[in-house]
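One letter stands for each residue in the lines below.
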Amino acid sequence: MAETANPFEMARQQLAAVADKIDLDANVHEVLRHPKRELTVNFPVSMDDGSVKTFTGYRVHHNVTRGPAKGGIRYHPDTDLDEVRALAFWMTVKCAVVNIPYGGAKGGVVCDPTALSPAELEDLTRRYTTEIAILLGPDRDIPAPDVGTNGQIMAWLMDTYSMSVGHTVPAVVTGKPIAIGGSEGRIEATGRGVVTVAREALRAAGCQLPGATVAVQGFGNVGSTAAMLFCRAGAKVVAVSDVRGAIHNANGLDLVKLSAYNKAHKTVVGFSEAEPIAPDDLLTLSCDVLVPAALGNQITTKNADRIRAHFVIEGANGPTTPQADDILRDNGVVVVPDVLANAGGVTVSYFEWVQDLQRFFWSEAEVNSKLEQIMTRAFGQVQAAARRHGCDLRTGAYIVGIHRVAEAILARGIYP
Ligand code: GLU
């Protein structure tokens, strides 16, 4: 199949590959090829200079058979409907892989959040929330942060929704500040899950994290937390990058110093205890573990053959094209796929939602230990499926996830 840069096309190719492998019911396959509902909104925002600008946003529910629609909201200049469709599909699979009772959703607003003032960002968020409010609700659709959004944006979303219904509804969104019902451990959850599955993948291959060399692409919420936790686990983080550039230190970066530098300068570039390298070279560095934790479409047929890491742990969603996946598999690279590797985020989102609904909050230690249990169990189930079917871990994850979704669709039946 030809390589496509269209993420929804990629998602459908991944679905077709697993459908073949597990003899997926043709009707279930047909249902899963299409998002259940898609909302596109064009809405005005008053800018600080007095002008009014129109923004485009999306909210897509891929499938809600197993529970309410769950998934983040992305603010990025390049997002579009097909990307949001793919991300919603991956959320359906991801929630099923870790076996939490949600369907898959995703949202996006085409904008550059770094170019907006705080007031503009708040107005955009409140207006977008109002525009998609027909879909939202703690039993219907529960957003969370994704690329370009954060806890503050979730707080504005929660407040806007709560104002419109006339009472406070913490459970309508996750990834919000602890002061309004957020969960301990949610900010670190995705990175923590990445390190947990990396440890399991290395262990399954007879290796271990202490002493392993790691390169991390992206130093946002996922990449920076993962790098710090890899370092604490005794691994050597030899390279990291962000949108401005990449840095390398063969002896291992001091993550405590690097995090302080990044906090002060809003970039890792210029950190004195490292040399600059070309961002593309980070992906092809000789190291044990590569963590793409930035955007999609990073490992393609253009560079897959040059990847020298033994393990690729997908912190980002959709970083590897299906064709690049084939090349990595043929070269013996173990890929822990996004729908498993970055599922720690939505898992602790689930914990946050449960805590909000029960008005009963857990300690960070409780959250982390339950997260650890879910991630290691999911890794084990995915690995067992991959061994049973003689396939890679992505196909194994899809076998586990799609099987659960298919079982739910078949049990409920096609209405009417
Ligand atoms: N945006 C994150 C993801 O892609 C988290 C979604 C959530 O917590 O609902 O998994």
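Above this note sits the structure.
Being a predicted model, the structure only gives us computed values, none of them experimental.

Engineer: Describe in detail the overall build of the protein, supporting the description with residues and values.
Structural biologist: The number of helices and strands found in the protein is 14 helices and 12 strands. By the compact-globule yardstick of 22 Å for 416 residues, the protein fits well, its C-alpha radius of gyration being 20 Å. Expressed as a percentage of its 416 residues, the buried residues of the protein come to 59%. Residue pairs in contact within the protein that sit at least 24 positions apart in sequence constitute 67% of those at least 6 positions apart. Working note: accessible area of the protein is about 16900 Å², and carbon and sulfur atoms make up 51% of it.

Engineer: I'd like to hear about the site of the ligand, residue by residue, with values.
Structural biologist: Around the ligand sit 14 residues, and of these K70, K94, K106, D146 and S349 come closest. In this structure, a nitrogen atom belonging to the ligand sits 2.9 Å away from a main-chain N or O atom of P145. Across the complex, the protein chains shield 94% of the 300 Å² of accessible surface that the ligand would expose by itself. In the shell around the ligand, the residues fall into 4 nonpolar, 5 polar and 5 charged.

Engineer: How would you summarise a positive patch on the surface if you had to cite specific residues and measurements?
Structural biologist: Taken together, the side chains of K36, R37, R140 and R412 define a basic patch exposed on the protein surface. Note that R37 resides in strand β1 (residues 37-46).

Engineer: Please provide a residue-by-residue account of the pairing of strand β3 (residues 69-75), values included.
Structural biologist: Counting buried positions along β3 gives 7 out of 7 residues, so the element sits mostly inside the fold. Following the chain from β3 across helix α3 (residues 81-97) to the adjacent parallel strand β4 (residues 103-109), one finds a crossover that is right-handed.

Engineer: With reference to specific residues and values, describe the side chain of D325.
Structural biologist: Examined against the element boundaries, D325 turns out to sit in helix α10 (residues 322-330). Once you skip the residues sitting within four places of it in the chain, D325 turns out to touch T320, V335 and R394.

Engineer: Any details on the packing of aromatic side chains? Residues and values, ideally.
Structural biologist: Enumeration over the complete set of coordinates arrives at 9 aromatic pairs. Between F89 and Y398 the ring centres are 6.2 Å apart and the planes differ by 40°, which places this aromatic pair in the tilted class. Of the two residues, F89 sits in helix α3 while Y398 sits in helix α14 (residues 393-412), which places them 309 residues apart along the sequence. Of the two residues, F89 and Y398, both sit in the buried class. Members of the aromatic cluster, each reached through a chain of ring pairs, are Y102, Y350, F351, W353 and W362. One cation-aromatic arrangement involves R85 over F8; the distance from NZ or CZ to the ring centre is 5.9 Å.

Engineer: Go over the layout of surface pockets with me, naming the residues and quoting the values.
Structural biologist: Think of a ball as big as a water molecule: rolled over the atoms, this probe shows where empty space is left. Estimated volume of the second largest pocket: approximately 410 Å³. Surrounding the second largest pocket, 19 residues form its lining, Q13, A17, P322, D326 and R329 being those nearest its centre. Considering every element that reaches the lining of the second largest pocket, the biggest residue donor is helix α1 (residues 7-22), with 7 residues.

Engineer: Run through the environment of D139, naming residues and quoting values.
Structural biologist: Relative to the helices and strands, D139 is located in the loop between α4 (118-132) and β5 (141-145). In sequence terms D139 and L209 are 70 residues apart; their C-alpha atoms lie 40 Å from each other.

Cut-offs applied
Residues numbered from 1 in each chain as written. Predicted model: local features only at pLDDT ≥ 70, side-chain atom pairs only at ≥ 80, totals over all residues. Heavy atoms only, no water. Helix = DSSP H or I, 4+ residues; strand = E, 2+ residues; numbered from the N terminus. Rg over C-alpha atoms; globule rule 2.2 N^0.38 Å. Buried < 20%, exposed > 50% of the residue type's maximum accessible area, 1.4 Å probe, protein only. Contact = heavy atoms within 4.5 Å. Areas by Shrake-Rupley, 256 points an atom, 1.4 Å probe, with all protein chains shown as cover. Near = heavy atom within 4 Å. Polar contact = N/O pair within 3.5 Å; in protein donor to acceptor, adjacent residues only side chain to side chain. Nonpolar A, V, L, I, M, F, W, Y, C, P; charged D, E, K, R; others polar. Patch = residues over 30% accessible without salt bridge, like charges linked within 9 Å, V, L, I, M, F, W, Y side chains within 5 Å. Salt bridge = Lys/Arg side-chain N within 4 Å of Asp/Glu carboxyl O. Lys, Arg positive; Asp, Glu negative; His and termini not counted. Charge placed at Lys NZ, Arg CZ, Asp CG, Glu CD. Right-handed = clockwise from strand over helix to strand, strands pointing away. Phe/Tyr/Trp six-rings, centres within 6.5 Å; stacked < 30°, edge-to-face > 60°. Lys NZ or Arg CZ within 6 Å of the ring centre and 35° of its normal. 1 Å grid on protein atoms, 1.4 Å probe; cavity = no way out; pocket = protein on both sides within 12 Å on 5 of 7 lines; lining within 4 Å. Points joined across faces, edges and corners; volume = space filled by probe spheres on them.

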